[in-house]
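The chain contents come next:
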Amino acid sequence: MTRSRDGDAWEPAKVSAMMLEFAEPLLQVEPGPRTSERLRHVMQLASVCWNARLYEELGDGQIMRAVEVALARASDELRGALECMLQDRRTRFADVPFAVIAEVTGETADEVIVTAKAYVPRANSQDSLPAAQMQQPRVRKGTTKAPGRILSAPGGMMPFDLLFLSVAEEETRSIRVPDESGAKVPAGHYLFRELYCTEPRCDCRRVLLQIMDVDRRRAAATINYAFEPCSDYPQITLDPLNPQSEASAGLLKLFEQMIAVDAVYRARLIKHYAMWKDVVDDAAHPDHGMVRTVYHDDPSFESAFSIRAPVRRAEAKVGANDPCVCGSGRKYKRCCRAMQAARS
C-alpha cells in the first residue's frame, strides 16, 4: 500500500501515489509509455470508479450508473480492469473516507506529474442530486449562455451549446439518413452535439460528439474525436463512459467517412474548441465559473486536508560534490553525509 495513516490523520502527500496504485489495472490494459494524454484519460476513469461507491452510499447513484454504462460498452480487457478497480475500492481501499479527483497537472522531459485532490463527499451538493431530481439549465433561444453552473457529463466534458447557444444554433452539424442509405443506422434525423473539456491549461485537442436521434428522442451514440492522431489511443472511437445504442457502430462509420472529406466541419470543431478553452483558461472571464467542474470550484466541496504553507529550506542545499560544510576540505558525500548515513 502506498497510503499511510497516523492515528486518524491521513497524509495528503500519499493520496496521489494511492490513486496511481488504484489505477494500475487500467495502465496494464495497454502497456506502453505513460504519456500525459494517456494518463489524463486513465485518471479520469480512475476518479469515476473511485467515487462511484462512495456517492452511491450517500444516496447518489449517478456516478455508479455512468460506470455501469462504461462496463456494458467496454471491451473484455477494459471491463476486467474496471471491475478489478471497483473491487479494490470495496476491499483494499474501503476505509478511505474521501472522494478523490486525480488529474495530470504537468509534464517534464522525463515524467508526467499526476496530482490527486481529496474532498469530503456531500450527497446534497447541487451537482450530486439523484438523477430523478437533475435538470438541465433552461436557456431561452437567442441567448448566448445559460444561468448558473452547467452540469458536466462523465469525464468532465460540457456541451458547447450551453455556453454558446447562438453559435451552436447556426453551426451544429446535423444529417438525415434516408431509408435506402445502406448504413446500419435507422432512417431519421441526427444532431451532432459537441462537448468540450473543462480542465484549465489542458491541451487535449478533442471533442466529444453526442449524436442525438431527434426522431426517437435519445442519444444514439457518443464519439470521442481527437483532432490529431495519437500513438496511444485511436483518433476516433466510441466513448465508453457515455450513452451508446445499437446504431452506434453505424454512426461511428458515418462520422469517420464524413470527417475524412469535410475539412470545413473539422475546422469548425477546432474553432469551437478554441472558443471554449478561452473561457476555461481565463479565470477572469465572466463565464469561467460556469464551465468549471464541481470537484474543482464548487465551494460546497470541503477540502479533506487543510491548506498548509509550503516548507521552505532555510539554507541552500549542499550538493553531494560540494565542499563539506564542516570545513574538512573533503566532498560532502565523503564526509558528513556519509557519517549521517552510517548512523541511520
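For the structure itself, consult the block above.
Residues numbered from 1 in each chain as written. Predicted model: local features only at pLDDT ≥ 70, side-chain atom pairs only at ≥ 80, totals over all residues. Heavy atoms only, no water.

Novice: Residues and numbers for the side chain of D262, please.
Specialist: Its place among the elements puts D262 in the loop between α7 (248-261) and α8 (263-281). Taking relative accessible area as the criterion, D262 reaches 19% and is therefore assigned buried. (Helix = DSSP H or I, 4+ residues; strand = E, 2+ residues; numbered from the N terminus. Buried < 20%, exposed > 50% of the residue type's maximum accessible area, 1.4 Å probe, protein only.)

Novice: Please provide a residue-by-residue account of the packing of aromatic side chains, values included.
Specialist: Applying the stated criterion across every chain, the model contains 11 aromatic pairs. For the pair F22 and F93, a centre-to-centre distance of 5.7 Å together with 90° between the ring planes defines the contact as edge-to-face. One end of the pair, F22, is in helix α1 (residues 15-22); the other, F93, is in the loop between α5 (76-90) and β3 (99-107), with 71 residues separating them in the sequence. F93 shares its class with F22; the two are buried. Look at F160 and F164: their rings are 5.0 Å apart centre to centre, the planes differ by 25°, and that puts the pair in the stacked class. There is no split in this pair, since F160 and F164 are both buried. (Phe/Tyr/Trp six-rings, centres within 6.5 Å; stacked < 30°, edge-to-face > 60°.)

Novice: Kindly report on the pattern of salt bridges, identifying the contributing residues and their values.
Specialist: Under the defined criterion, the tally for this structure stands at 11 salt bridges. A salt bridge links D76 to R79, with the nearest nitrogen and oxygen atoms 2.9 Å apart. A residue pair is termed a helical-turn pair when its members lie 3 or 4 positions apart in one helix, as D76 and R79 do in helix α5 at three residues. Residue classification places D76 among the exposed positions, given a relative accessible area of 62%. We classify R79 as partly exposed; its relative accessible area is 23%. Residue R205 is joined to E228 by a salt bridge in which the shortest nitrogen-to-oxygen separation is 3.2 Å. One end of the pair, R205, is in the loop between β7 (188-197) and β8 (206-213); the other, E228, is in the loop between β9 (218-226) and β10 (236-238), and 23 residues separate them in sequence. (Salt bridge = Lys/Arg side-chain N within 4 Å of Asp/Glu carboxyl O.)

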